[in-house]
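Listed here are the chains, written in short residue letters.
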Amino acid sequence: MTALLSKKGIQKLTSTKHAAVLTGAGISSESGVPTFRGKNGLWKKFKPEELANFNAFISNPELVWEWYNYRKKLISEIRPNPGHFAIKAFEDHFEKFNLITQNIDGLHKLAGNKNVIELHGNIHRSYCIDCGKVYLKLKISKKGKIPYCDDCGGLIRPDVVWFGEMLPQKALSEAFRAAEECDLFFSIGTSGIVQPAASLPAIAKRHGAYLIEVNIEYTPISAIADESLLGKSGEILPWIVSHLPSGKNMQEIT
Ligand code: BJW
Ligand code: ZN
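Predicted, not measured: the structure shown is a model, and the values here were computed from it.

Visitor: Which parts of the structure should I look at to understand the overall build of the chain?
Guide: When its secondary structure is counted, the chain shows eleven helices and nine strands. A compact globule built from 254 residues would reach a C-alpha radius of gyration of about 18 Å, and the chain, at 19 Å, matches this within 12%. Taken over the C-alpha atoms alone, the chain extends approximately 60 × 35 × 30 Å along its principal axes. Every one of the 254 residues in the chain was classed for burial, and the buried ones make up 53%. For the chain, the share of sequence-separated contacts (at least 6 apart) that also reach a separation of at least 24 residues comes to 67%. Of the roughly 12400 Å² of accessible surface on the chain, 53% is carried by carbon and sulfur atoms.

Visitor: Teacher, can you tell me more about helix H6 (residues 82-93) here?
Guide: Think of an α-helix as turning once every 3.6 residues; residues three or four places apart then point the same way. The first and last C-alpha atoms of H6 sit 16 Å apart over twelve residues, in line with the 16 Å expected at 1.5 Å per residue. Of the positions making up H6, those classed as buried are Gly 83, His 84, Phe 85, Ala 86, Ile 87, Lys 88, Ala 89, Phe 90 and Glu 91. A distance of 2.7 Å separates the backbone nitrogen of Gly 83 from a side-chain oxygen at the start of H6, and that oxygen is part of Asn 81.

Visitor: Looking at this model, I keep getting lost on the layout of surface pockets. Mind explaining?
Guide: Leftover empty space is mapped by rolling, across the atoms, a probe with the size of a water molecule. There is about 180 Å³ of room inside the second largest pocket. Around the second largest pocket, the lining residues are His 18, Lys 96, Phe 97, Asn 98, Leu 99, Asn 115, Ile 117, Glu 174, Arg 177, Ala 178 and Glu 181. Of all the secondary-structure elements, those providing two or more residues to the lining of the second largest pocket are strand S2 (96-101) and helix H8 (169-181). In terms of residue class, the lining of the second largest pocket is made up of four nonpolar, three polar and four charged.

Visitor: Looking at this structure, I do not really get the pattern of salt bridges. What am I missing?
Guide: Side chains that carry opposite charge are capable of pairing whenever their charged atoms lie near each other. Going through the model one piece at a time under the given rule, you end up with 13 salt bridges. Glu 66 is paired through a salt bridge with Lys 44; the nearest N and O atoms lie 2.7 Å apart. Note that Glu 66 is positioned in helix H5 (residues 61-76) and Lys 44 in the loop between helix H2 (25-29) and helix H3 (48-51), a separation of 22 residues in sequence. A salt bridge links Lys 109 to Glu 118, with the nearest nitrogen and oxygen atoms 3.6 Å apart. Counted as one network, the salt bridges with shared partners bring together Lys 96, Arg 177 and Glu 181.

Visitor: Could you clarify how one ought to interpret the sheet that holds strand S7 (residues 184-188) in this entry?
Guide: Strands belonging to one sheet form pairs held by backbone hydrogen bonds; the direction of such a pair is parallel or antiparallel. The parallel open sheet is built from six strands, whose spatial order is S3-S2-S1-S7-S8-S9. Each of the sheet's edge strands pairs with one partner strand only, and the pair in question is strand S3 (116-118) and strand S9 (227-230). When strand polarity is set aside, the average angle formed by the axes of neighbouring strands in this sheet is 15°. As paired elements, strand S8 (residues 210-215) and S9 share four bridges and run parallel to each other. Looking at the pairing, Glu 213 lines up with Ser 228 of S9. Against the sheet, H6 touches strand S1 (18-23), S2 and S7, its axis set at about 150° to S2.

Visitor: Explain the coordination of the zinc ion (ligand 2) to me, please; I cannot follow it from the model alone.
Guide: Six octahedrally arranged donors around a metal ideally form angles of 90 or 180 degrees; four tetrahedrally arranged donors ideally form angles of 109.5 degrees. Taken together, Cys 128 (SG), Cys 131 (SG), Cys 149 (SG) and Cys 152 (SG) make up the full set of protein donors to the zinc ion (ligand 2), lying 2.3 Å away. Taken together, the four donor atoms coordinating the zinc ion (ligand 2) and their angles of 97 to 116° define a geometry best described as tetrahedral. Counting the intervening residues between successive donors of the zinc ion (ligand 2) yields the motif C-x2-C-x17-C-x2-C. The exposure class assigned to Cys 149 is buried, which follows from its relative accessible area of 6%.

So, how was this worked out
Residues numbered from 1 in each chain as written. Chains lettered and ligands numbered in written order. Predicted model: local features only at pLDDT ≥ 70, side-chain atom pairs only at ≥ 80, totals over all residues. Heavy atoms only, no water. Helix = DSSP H or I, 4+ residues; strand = E, 2+ residues; numbered from the N terminus. Rg over C-alpha atoms; globule rule 2.2 N^0.38 Å. Buried < 20%, exposed > 50% of the residue type's maximum accessible area, 1.4 Å probe, protein only. Contact = heavy atoms within 4.5 Å. Areas by Shrake-Rupley, 256 points an atom, 1.4 Å probe, with all protein chains shown as cover. Expected span 1.5 Å × (residues − 1). Polar contact = N/O pair within 3.5 Å; in protein donor to acceptor, adjacent residues only side chain to side chain. 1 Å grid on protein atoms, 1.4 Å probe; cavity = no way out; pocket = protein on both sides within 12 Å on 5 of 7 lines; lining within 4 Å. Points joined across faces, edges and corners; volume = space filled by probe spheres on them. Nonpolar A, V, L, I, M, F, W, Y, C, P; charged D, E, K, R; others polar. Salt bridge = Lys/Arg side-chain N within 4 Å of Asp/Glu carboxyl O. Pairing = 2+ DSSP bridges. Axes fitted to C-alpha atoms, helices over the stretch in contact; angles between N-to-C directions. Donors = N, O, S within 2.8 Å, 3.2 Å for Na, K, Ca; no water. Tetrahedral: all angles 85-135°; square planar, octahedral: opposite > 155°, others 65-115°.

Listed below in structure tokens is the structure:
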């Protein structure tokens, strides 16, 4: 593969002590998880904005649970891909490292990353909207059936962040802090339109970080990135790992 990063980018890999990564749905697409937007991004005829909100859930919990159950089943059957494993190699390499993800699929943890800041929750967790009881291993209910709380009979929902909802406070403040303090920030596989996550690359840049984007297409983040690497994260990130001073190649990692 020809050089993907500029000389300056390669030099940043060598000199950086504190790196941070923001991932979006694109990183998991090579594992088989559909993205939200783009040509393969819609589920049935719905846009994410139409399903990922509390009003949609209350007015049609069967439909919203059908979407989550479909994704839960799919996610339980897939594995992290070379992009995820490369990010695990980043965690091992940099003296300080923060991984911030918008994904709810848990694939970064499966790849071995220890500290994952999950901004939008996790599909494997659910909770009762009335009493707050948390369910860690809720079984996938049959089509048309929805889960109710053992304790109070309330409706159970996935523990994910929908439009119009606040992000978990601790995760959000850790993410802002990482963006403000790091020297090198990677924005990987995200369309960069959903706030507040979409602000993190700009915050990092404003605080002096070198900003590298990895995506199969240009996004609003490309305009401020120091380098936009066009291509699949599962191909570009292993290349970057092979140019870290520790020089690991991906066969040693996966
Ligand atoms: C590849 C690839 C490969 C493909 N390799 N790349 C300020 C301004 C304007 C609006 C707002 C604002 N602040 C808040 C809002 C409203 C709203 C918002 O941002 N709306 C926008 C649509 C404009 N934000 C919120 O409501 C947030 N809450 C909030 O701000 O609370 C405070 C508040 C409350 C009330 C009023 C005001 C403020 C909450 C957002 C929650 C988002 N939730 C979801 C669902 C999570 C659960 C679930 O998964 O089901 O999160 S929506 C969905 O979008 C999901 C994702 O995490 C998120 C981001 O999507 P992502 O990851 O970028 O995926 P895609 O599909 O969009 O892009 C994939 C990318 O990968 C593409 O670029 C591809 O090219 C690329 N790609 N294959 C590399 N192989
Ligand atoms: Zn309950």
